[in-house]
Structures are given as C-alpha cells and as structure tokens.
Amino acid sequence: MLVSIYRYNPETDLKPAMVDIEVDVPTDRDLMVLDVLNLAKEKDTTIAYRRSCREGVCGSDGMNINGTNGLACITPLSSVVKPGKKLVLRPLPGLPVVRDLVVDMSIFYKQFEKVKPYLMNSEPVPNIERLQSPEDRAKLDGLYECILCACCTTSCPSFWWNPDKFIGPAGLLQAYRFLADSRDTAASERLAGLEDPFSVFRCRGIMNCVAVCPKGLNPTRAIGHIRSMLIEQSA
Amino acid sequence: MVTSATNFSRTGLSDWLVQRVSAIVLLAYSLFIFGIFVLYPELSFEQWSGIFSNNAVRLFSMMSVLALCGHAWIGMWTIATDYLTSLQLGSAATFVRLVFQLGCALLITVYLLWGIQIFWGS
Amino acid sequence: MSALRTISFDAVIVGGGGAGMRAALQLAQSGYKTAVISKVFPTRSHTVSAQGGITCAIASDDPNDDWRWHMYDTVKGSDYIGDQDAIEYMCSEGPQTVFELEHMGLPFSRTESGRIYQRPFGGQSKDYGNGGQAARTCAAADRTGHALLHTLYQGNIKNNTVFLNEWYATDLIKNQDGAVVGVIAICIETGETVVIQSKATVFATGGAGRIYASTTNALINTGDGVGMALRAGFPVQDMEMWQFHPTGIYGAGTLVTEGCRGEGGYLINKDGERFMERYAPNAKDLAGRDVVARSMVLEILEGRGCGPKGDHVMLKLDHLGEDVLNAKLPGILELSRTFAHVDPVKEPIPVVPTCHYMMGGIPTNVNGQAIMQDDSGADVIIPGLFAVGEAACVSVHGANRLGGNSLLDLVVFGRAAGKHIEQELASGIEQRVASESDIEAAMSRLNRLNETSSGESVAELRAELQGIMQNYFGVFRKGEFMQDGIKKLEVLRERIKNVHLVDKSNAFNTARIEALELENLFEVAEATAISAEARDESRGAHARDDFRERDDENWLCHSMYFPEDKRVGKRAVNFKPKTVDTFEPKIRTY
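Parameters and conventions
- Residues numbered from 1 in each chain as written.
- Chains lettered and ligands numbered in written order.
- Predicted model: local features only at pLDDT ≥ 70, side-chain atom pairs only at ≥ 80, totals over all residues.
- Heavy atoms only, no water.
- Helix = DSSP H or I, 4+ residues; strand = E, 2+ residues; numbered from the N terminus.
- Areas by Shrake-Rupley, 256 points an atom, 1.4 Å probe, with all protein chains shown as cover.
- Lys, Arg positive; Asp, Glu negative; His and termini not counted.
- Charge placed at Lys NZ, Arg CZ, Asp CG, Glu CD.
- Buried < 20%, exposed > 50% of the residue type's maximum accessible area, 1.4 Å probe, protein only.
- Pairing = 2+ DSSP bridges.
- Contact = heavy atoms within 4.5 Å.
- 1 Å grid on protein atoms, 1.4 Å probe; cavity = no way out; pocket = protein on both sides within 12 Å on 5 of 7 lines; lining within 4 Å.
- Points joined across faces, edges and corners; volume = space filled by probe spheres on them.
- Nonpolar A, V, L, I, M, F, W, Y, C, P; charged D, E, K, R; others polar.
- Buried area = accessible area lost by both parts, 1.4 Å probe.
- Salt bridge = Lys/Arg side-chain N within 4 Å of Asp/Glu carboxyl O.
- Polar contact = N/O pair within 3.5 Å; in protein donor to acceptor, adjacent residues only side chain to side chain.
- Axes fitted to C-alpha atoms, helices over the stretch in contact; angles between N-to-C directions.
- Expected span 1.5 Å × (residues − 1).
- Bend = angle between axes of the 7 residues up to and from the residue.
- pLDDT = per-residue confidence, 0-100.
- Arc of directions from axis to C-beta.
- Core = buried A, V, L, I, M, F, W, Y, C linked by side-chain atoms within 4.5 Å.

Lay out the overall build of chain A in plain terms, naming residues and giving numbers.
When you go through chain A residue by residue, the secondary structure sums to nine helices and seven strands. Taking the principal axes of the C-alpha coordinates as reference, chain A spans close to 60 × 35 × 30 Å. By element, 54% of the accessible surface of chain A is carried by carbon and sulfur atoms, the whole surface being about 9200 Å². The centroid of the 28 positive side-chain charges in chain A is displaced by 4 Å from the centroid of its 28 negative side-chain charges.

Give me the lowdown on the pairing of strand 7 (residues 167-174) of chain C, citing residues and values where you can.
All names here are of chain C. Of all eight residues in strand 7, seven are buried; the element is thus mostly enclosed. As paired elements, strand 7 and strand 8 (residues 180-187) share seven bridges and run antiparallel to each other. Note on strand 8: the bridge partner recorded for Leu-172 is Val-183. Here strand 7 folds back onto strand 8, and the loop between the two strands holds five residues, one of which, Gly-178, carries a positive phi near 80 degrees.

Which residues make up the environment of Arg-448 of chain C, and what values do they have?
Residues and elements named next belong to chain C. Of note, Arg-448 is situated in helix 12 (residues 436-450). Of the residues examined, Arg-448 reaches a relative accessible area of 34% and is grouped as partly exposed. The sequence separation of Arg-448 and Asn-498 amounts to 50 residues, and the corresponding C-alpha distance is 9.2 Å. With sequence-adjacent residues up to four places away left out, Arg-448 is seen in contact with Lys-497 and Glu-519.

Describe the layout of surface pockets, naming the residues involved and giving the relevant values.
All names here are of chain C. Its boundaries defined by the atoms lining it, the second largest pocket holds a volume of some 740 Å³. Along the walls of the second largest pocket sit 22 residues, with Val-291, Arg-294, Ser-538, Arg-548 and Arg-588 positioned nearest its centre. Going through the elements one at a time, helix 8 (289-301) and strand 20 (543-544) are the ones with two or more residues in the lining of the second largest pocket. Considered class by class, the residues forming the lining of the second largest pocket number eight nonpolar, four polar and ten charged.

Before we move on, could you go through the interface of chain B and chain A and cite the residues and values that matter?
The partner chain A presents 20 residues to the 19 residues of chain B that form the contact. Across the chain B to chain A interface the summed buried area is about 1700 Å²; carbon plus sulfur atoms make up 66%. Between chain B and chain A we count two salt bridges in total. Joining chain B to chain A, the criterion identifies eight residue pairs in polar contact (both at pLDDT 80 or more). Put simply, the parts of the chain that give the side of chain B that touches chain A at least two residues each are helix 1 (12-39), helix 3 (55-83) and helix 4 (86-89) of chain B. The element contributing the most residues to the side of chain B that touches chain A is helix 3 of chain B, with five residues.

Got a sec to walk through the sheet that holds strand 3 (residues 62-65) of chain A? Specific residues and values, please.
Residue and element names in this part refer to chain A. Across the sheet, which stays open at both edges, the five strands sit in the order 2-1-5-3-4 with mixed pairing between neighbours. With partners counted over all chains shown, the strands left at the sheet margins are strand 2 (17-22) and strand 4 (68-71), one partner each. When strand polarity is set aside, the average angle formed by the axes of neighbouring strands in this sheet is 35 degrees. In this structure, strand 3 lies alongside strand 5 (residues 87-90), joined through two bridges in antiparallel fashion. By the bridge assignment for strand 5, Asn-64 is matched with Arg-90. Most of the contacts of helix 1 (residues 33-43) go to strand 5, to which it runs at about 85 degrees, and overall it touches strand 1 (2-7), strand 2, strand 3 and strand 5.

Lay out the side chain of Gln-19 of chain B with the relevant residues and their values.
Residue and element names in this part refer to chain B. Within the secondary structure, Gln-19 is located in helix 1. For Gln-19, a relative accessible area of 15% gives the class buried. Among all residues touching Gln-19, those that are not within four sequence positions of it are Gly-70, His-71, Ile-74 and Gly-75.

Account for helix 12 of chain C, naming residues and giving values.
All names here are of chain C. Spanning 15 residues, helix 12 covers 20 Å between terminal C-alpha atoms, matching the ideal 21 Å at 1.5 Å per step. Its axis deflected by about 45 degrees at Met-443, helix 12 carries its strongest bend there. Looking only at helix 12, the buried set comprises Asp-438, Ile-439, Ala-442, Met-443, Arg-445, Leu-446 and Leu-449. Elements that come into contact with the buried residues of helix 12 comprise strand 7, strand 8, strand 9 (193-203), helix 5 (224-231) and helix 15 (510-534).

Hey, could you go over the interface of chain A and chain C for me, with residue numbers and the actual values?
With 57 residues of chain A at the interface, the matching set in chain C holds 61 residues. Summed over both partners, the interface of chain A with chain C buries about 4800 Å², with 53% contributed by carbon and sulfur atoms. At the surface where chain A touches chain C, the tally comes to seven salt bridges. Of the charged contacts in the structure, one is a salt bridge between Glu-129 of chain A and Arg-115 of chain C, with a shortest N-O distance of 2.9 Å. For the side of chain A that touches chain C, the secondary-structure elements that each account for two or more residues are helix 1, strand 6 (97-99), helix 3 (106-114), helix 4 (134-138) and helix 6 (168-179) of chain A. Its residues assigned to classes, the side of chain A that touches chain C comprises 32 nonpolar, nine polar and 16 charged.

I'd like to hear about the pattern of salt bridges, residue by residue, with values.
Close approach of charged atoms allows side chains with opposite charge to pair. For the coordinates displayed, the defined rule picks out 70 salt bridges over all chains. Salt-bridge contacts for Arg-202 of chain A lead to Asp-82 of chain B; the nearest nitrogen and oxygen are separated by 2.8 Å. Linking Arg-202 of chain A in the loop between helix 7 (187-192) and helix 8 (208-212) with Asp-82 of chain B in helix 3, this pair reaches from one chain into another. Judged by relative accessible area, which is 2%, Asp-82 of chain B ranks as buried. Salt-bridge contacts for Arg-462 of chain C lead to Glu-514 of chain C; the nearest nitrogen and oxygen are separated by 3.1 Å. Separated by 52 residues along the polypeptide, Arg-462 of chain C in helix 13 (residues 458-472) and Glu-514 of chain C in helix 15 bring together distant segments of the chain. According to the relative accessible area criterion, Glu-514 of chain C is buried, its value standing at 12%. A network of salt bridges, in which partner residues are shared, links Asp-79, Asp-238, Glu-240, Asp-290, Arg-294, Arg-535, Glu-537, Arg-539, Arg-550, Asp-552 and Arg-588 of chain C.

Got a sec to walk through the environment of Ala-24 of chain C? Specific residues and values, please.
Of note, Ala-24 of chain C is situated in helix 1 (residues 18-30). Residue class for Ala-24 of chain C comes out buried when judged on its relative accessible area of 0%.

Summarise empty space enclosed by the protein; cite the residues concerned and give the values.
All names here are of chain C. This model, assessed by the stated rule, comprises seven cavities of 30 Å³ or more. Of the volumes computed, that of the largest cavity is approximately 680 Å³. Of all the elements in the fold, those that place two or more residues in the lining of the largest cavity are helix 1, strand 2 (34-38), strand 7, helix 5, strand 14 (349-358) and helix 11 (405-426). In terms of residue class, the lining of the largest cavity is made up of 17 nonpolar, 25 polar and seven charged.

Go over the sheet that holds strand 5 (residues 133-138) of chain C with me, naming the residues and quoting the values.
Residue and element names in this part refer to chain C. Taken in spatial order, the three strands make up an open sheet running 3-5-4, and their pairing is antiparallel. The open sheet has two edge strands, strand 3 (54-55) and strand 4 (118-125), and neither has a second partner. When strand 4 meets strand 5, the two strands line up antiparallel, connected through four bridges. Counterpart to Gln-118 in the pairing with strand 5 is Cys-138.

Give me the lowdown on the confidence of the model for chain C, citing residues and values where you can.
Low-pLDDT stretches of the model should not have their predicted coordinates read in fine detail. Looking at chain C as a whole, the pLDDT averages 96, with 100% of positions reaching at least 70. For this predicted complex, the interface confidence score (ipTM) comes to 0.98, while the overall pTM stands at 0.96.

Hey, could you go over helix 3 of chain A for me, with residue numbers and the actual values?
At 3.6 residues per turn, the α-helix brings residues three or four places apart onto the same side. Within helix 3 of chain A the residues assigned to the buried category are Phe-108, Tyr-109, Gln-111 and Phe-112 of chain A. Buried positions in helix 3 of chain A, seen along its axis, are confined to an arc of 160 degrees and lie on one side of it. Where helix 3 of chain A is buried, its residues contact helix 5 (157-161) and helix 6 of chain A together with helix 4 (144-158) of chain C. A positive phi of about 50 degrees marks Lys-116 of chain A, the residue just after helix 3 of chain A.

Tell me about the nonpolar core, and name the residues and values.
Judged by nonpolar contacts, the single largest core of 171 residues is most densely connected at Leu-89 and Ile-226 of chain A together with Ile-54 and Ile-349 of chain C. Ranked by the residues each element gives to this core, the list is headed by helix 11 of chain C, at ten residues. Other than its neighbours up to four places away in sequence, Ile-349 of chain C contacts Ile-249, Val-256, Val-313, Met-314, Leu-315, Leu-317, Ile-332, Ser-336, Ala-340, Val-342 and Pro-344 of chain C. Membership of the second largest hydrophobic core comes to 86 residues, among which are Val-226, Met-469, Ile-513 and Tyr-561 of chain C.

Shown next as structure tokens:
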C-alpha cells in the first residue's frame, strides 16, 4: 500500500514535504498503523518517529493519521484507510517538528508541570497508607489513566492559539486528577493558580480532545468540574 | 497563573461569569422583543414608543445595552488574544492588539452613550 | 582533554523506569547533583506496561499477613537460587516502600475499609505454604505499573530532578583501575555526543525481552545496561533464566496480567478442560509462572492446543461477569479487544507463553553495588557502578520470578541504591578520573558505526537474532540444539559487527540508536545462550529436555558469565538471612 509520510530533516531539508513510500502490507490480518510504519522504516531507515510499548500505554507514538490524532500502535489500518487508499501520516499538529513525525513536546510537558501534578498533603504522614474509600477512589477513574501522549492537547485549537498560556486538555485533566483526590489538601492553592483568563478558561468546549483521546478519557468534563470548583470557591 | 498585558487584571472566572450572565440577559431581552412582535403583529410607532416609555422596559433595555457592552468587550478581547498573538504577528502583536482593543473600546463606548441617549434622552 | 563536551554529576542514573526514578527521587531529596539519562521520556519506560500489581505484605487483605510468608514464597518461587539476604531485605522493606508510594499519590484500588486492595497472584501462600492461597498483590486496577511510573515521575517533578530525556548512553567509561567513571551519551535530538562524568553510575536500563521474536516487552527493551557491562568486561549472572509469561496474547505478544487468573480466570485447552488441575492440583492456575508456562506448552505439544494450528490455549474470564471485569480488569478488556479481536466478557482470550522477564543481569548486593569476582572467585565490588531493577540480579528472583515481585524489586532496590549512594557521597568520595584513552576506548564502538560504508541492515540481523533465540533457547531447551544455536550466534556476531548505518545524520537519528541497541541485544543473547548451555539441569524457568531434574549438588548456585573468555563460572547463593532461619531447598510443587 501507499503510505504518505511527512518528511523533514533539519540538516538537509529547507522545507518539509509529504513523501510517498510503497509498503508491502500482509493482507491476512489487520495491521496497526505502527506496524506499517515499522515496515516502512525497514525499507527507508531514515524515517524518524517515536515508539515504545506498542500496546497503547506508553503514549510515545501519538501522530496525525489521515487527519485525526491517535496512537499508531492501537489504530487498526482498517479503521483509518479504505482499501486502495493512501495512509497519510503527519506529526501532531501545533508543536514544532524536530524531524519527520517527531515533535518537540517541551511546551506540552511545561504546561503539565504547571498544574503541580503531584499529591500535596500537609497532614502528618501515617504509618500505613492514607485511607481512601472506594467511592473517593472511584472519583479518580477516567483521570489517572492519562498517558501524556498529547493527542488531545495538540488537537485543541485553543492550544494552537495560546500554547504558552492555555494549559490544554491533558494538563487540565491532571489538574483535576489532584483536585478530585480526597488525599490532596492543596485545592485552594491549585485553584488560585488556575483562575486567570487563560489557564482553564480558554477551553471553549470544542471537544476535539474527547473525540481523539485514545484512552477514552474526557478532559472537557474535567475542565467543567474545575470551573465549578472555581465558582464554588469564589462564592 | 497566566497574565497578559491587556488583561486589566480580571480573573478568568469573572470574565466567564460576565459572559454567561450577559448572555442570559441578552437572551431574555431578545425573547422580550420577539414577544412584542408576536403579541402586536401590526405594531405601530405609537404602541412601540408607548412600550418604551415604561420605566421598567427602559431599565431592562439599559441593562441589555450594558450586557452587550460587557459581552462584546470580553468577546473581542478573547478573539484578540487568540488571533493577534506573537505566534501570528511576532513582536508587533502587543501593539496591534492594543490598537485593535482601543478601537473596540471606542466603538463600545459610542454604543453605550447612544443607548443612554435613546432610552433616557428627552 | 577530549574534544567532547563533559558534564559532571554526583550521580547519574541511566534509565527512567521505576527503578531509575525511585533511585533518582532518593538522591534528588538529598540534594546531590543527580541526573537521569533516559532514551525515552520517563513515562514511556516499560514499567508503564506492568498491570497486575506490586506484591507486598501490607496486611490489608489478611490482617495477619507476614512478610516472612512472602519471603518463603519468593525463595520457593526462585527454585532456591534467590539470595535469601536480598529476599529478606525486599520483603521486609516492602511495606514501607509501598506506603511511601501511596503517600506520593499512587491511586491504588481500595477495600471497603479504605485500605489498599490486594489480589491473589501465582505462587502466593499463607503460613509458609500451609495456609492456602494468599492475596498479597497491591493493585491499581490492572494498570499498577502505569500508576506507579507516573507517580514516581510526579514525585521527581516535585523534587526538581534533572532529566536528560531522549539521551542514549552508548558505553561505560572505565579507567585503568577498573573503576567506572561515567558514560558516553548521545543527545538524540541533536546527535551531540557527550562525556558524562559521575561519582556513581547507576544502571536502571531494564530488561532485554527483545532478544526473542515473541515477547511482551516494549520495543525499547534492548538490554542496554547489560550490553554495556559486558562490553566493559564485567560478568553477568543467571542469564539463562528468562521468564516466559503464561498469558501473552496469541499473535500480538501483548501481556495479559496474571491478575486475570488471580481474579478467578483460568486456562482451558481445546477440549475446554481446565488443564492446570492436572499439573498443579493445589495452586492450579496460580502455580509459579514457569510451571504454568511449561504445562501450556505440553498441552500444545500433546495436541490439545486451540485454533486451526493448535498452537495456543485459551484464558477464560467470561464467567466472572461484566461488572467484575469492568472494575478489576478494564485494561485487559481494552487490550483483548484491540489485539486479539476478542471480547473477554463473552469469549476466552487466545494466549501463549511469551518471553517476559530477565531474571538474570548485573550481579549486585542489596545496596545496588555491582559485583565481579577476583581470581579466587571471591566477590569484589566494582567501584562506581550500580545496577537496579530488571537490569540487575540482586538476586531476588533466582530461577523464576513471582508475579508482582518485579515492581517491588524496582522500588525497594531503587530506593536502597539511592540511600547507599547518598551515604557514599556524604562520606566524600572523589570523582575518579578517566584518561583520554579510556574515553577513546568507550567511543570506539560509536566511531566504528559512524564510519560504516557497507554491510547488512539492522532490521534483518535483528530478526535473525530473535529467530535464533526463539527457536533454540525457548521454554524447553536441549543441549545439542543450544550448541547449534551458539554456533549460529557466533556467525551472527561478525555480521552484526559489520552492520551498515546508512543514515549518518544527527537530528533524531533513530536508525543509529537501533544499530547501537542491536549490539546490546546481541551481547545479552550470547550471554543467555552460553549460560543456558552450561547449566545442565532443570531449575525454575530453565527447563532442559536432556537434564530434566534439578541438580542441587552441582547447580544450587548462580551462574556467572565472563564475557572476555566466554566462560561460565559459579557464584554461591546466599542462604544466610539476618533475622529469620534459612529456608532449606525442598522439592518444589504447587
């Protein structure tokens, strides 16, 4: 099959270009997009992309597949390309390209770090674990599973416009993961860091993040919860 | 906490609330006007000015003008900070945005004064 | 001085997985100048794929649980070549280490009383094997590794650890006195090669499951630390011991947690028979992993395998009900639907034993200090070198690791190494110096690769290597086969030496990294092959057709592989725990 890949090597290319490569894809089973990319790399070793676990839990191979962000390793070919059509692979949008499908994710990680993504608890540490009811623990479901693949954040127009100011869906999902944790005692400090017009409030509810999340998470809902908490706190 | 030169130190929460409350006021006012047209299919100017000589209606109208001004100001500011940023315009961005917002402010002030004149003028 | 830029640290940790980040956290809290070099962003490390949990006697499921029972299980699981002082340390320090993780925010699943949820795993017992099945594996649903790795990364952010992300260590720098003074590393993004000098170099480089064609391991598990140690001439221990996980998804190789069987799932053959009842009448599907994997292979060899080729068996979960599966094993449902095209709520999952874990590695003591032997065979500490996690062989897993013990190994010994290095640094150790020629020696491999103009491709050679390992050094092994395999590897070594790097660019050149990784894979594979051929007995994961019995007289010991003369020696197992009586070797049944 024909695979069209975004190619850019800063050492040799003035401009990026889409380059087609013919890959022999076995027809007896439905390959994942990453398998196809690996086959392409066997033919042309200069293609650069990130990959690690190849099972959708490490978040390395987020890319734009035929126009939609997703993880190459858990996106079956049949779900994105009709037989006889081209597979089109581009880097995640909205971030600087380092080379080919590899983007510079520093600003994404910076936004993640801004939300203080760690538990803060000012109470004395017990000798065993801190207790938490199954109900309270259930509030973290749909939040802690994030793999930081950046599919959501780089599909968000608000992040494209203000990547340095709007935290983006992935970071905000983690912000709420700690706000929702019954063991965290720093809610007001966390909220104070989020009440400006950009960090949270640039979310316009476009919901691209929900549409593309490979783990089926819902950042828009988490952002709604953060907003409610901000309102409650100011009331 | 993110700050911006043209932010005028409002919080995102107050902006968000102003947008929502003003939107509700504007919706209510729109329904009110729409209701008038439904109730008086053949509305004459006398009837029209009669309705607007009522102080409650004038107050409601004035509230809507204020809501419109607030809504527009925040909306335009938001648009400016989405599209007129250094990402798009480089170092000129802040200047361009200031000019743009000055224009918006001027227009909004004109609308506000005009509104006052219409509803409370002689 | 060398033309290369030099960066100096008090301690440098190579590898950003669970063990590396736990060690880093310890050192970051102490305020020493520490850096983590990771070839991937830390949360992409393979710890993220661990599912079932972290085994530890925190006495949540059973208030009378005792770390000594956990120790007994682990010693038995290791088929008695796990070092009992190390196992004692791990099992007794475990609860504190797990509580620390919880305090850092790890979102463990909970019991009704609010404590950490524990599930049964294979090889677990109460009262030294006399009290029936225990439930000792602390779980965050079936995403414990993900939760643990992210929590550790978060902890490191909080403590401002320095990360050199997407940097790749190519070789150790060893000085004339045999001390380790740092590593050569490449910044992948720019291609810059840098000398990293450090008073302590910690290898937390993980496993090397990619030496096999079929593995649950991530593509990045290429045994870089073990490869570097071998090239530097240091010995490695118990490399023949490779765990084949009973339940890798047939065809894809992705892991299905032992927790499935812990929650009540079981394996069936083509007749629908729960065959583990025949092989392990007591523990059944929760026998040691080596026992279950071998039983599965026997079922398949005897013609009771499933599918048109009869080459796998099935894992049945549907009887547990949709609610339990959604609550306890949500990740497994996802993986099965994606990779096996099977919905476990309705139908069984096709599974096959798949290479999963390297029990062997760089020999260390409980402080993570790497060990070699002097001429008389006595242990000698390698100055400046530490190893933790899967790359290390402490050895707490011996010949077979119990499920849930790897995550515990990572955090307990990551922490222990961090603490020890902290003490060493506090006592004021000096930076050992490397000469120009030491650095030259460490650079030789990279220089050679960068100058290649012809030769074979990495992908081809790698596939060949994986094929040889899969065919000659799999679940069941045989002397003559292995000798053939070793001969094939010898030929392959020369070809890999001449591998051709077509792309010599600098920016994010993954082809160069893959070529370097291939050499590490080869070093690990060869050590595995030669050690496996030498151990003429069956023990734990090492099962030989030609030597079916355990031979305590000759092999109740570690194997040591010495790369310089490709010789296999022996090293005594520690049978002297400090606070409990020795667990004497017994016949191992489940």
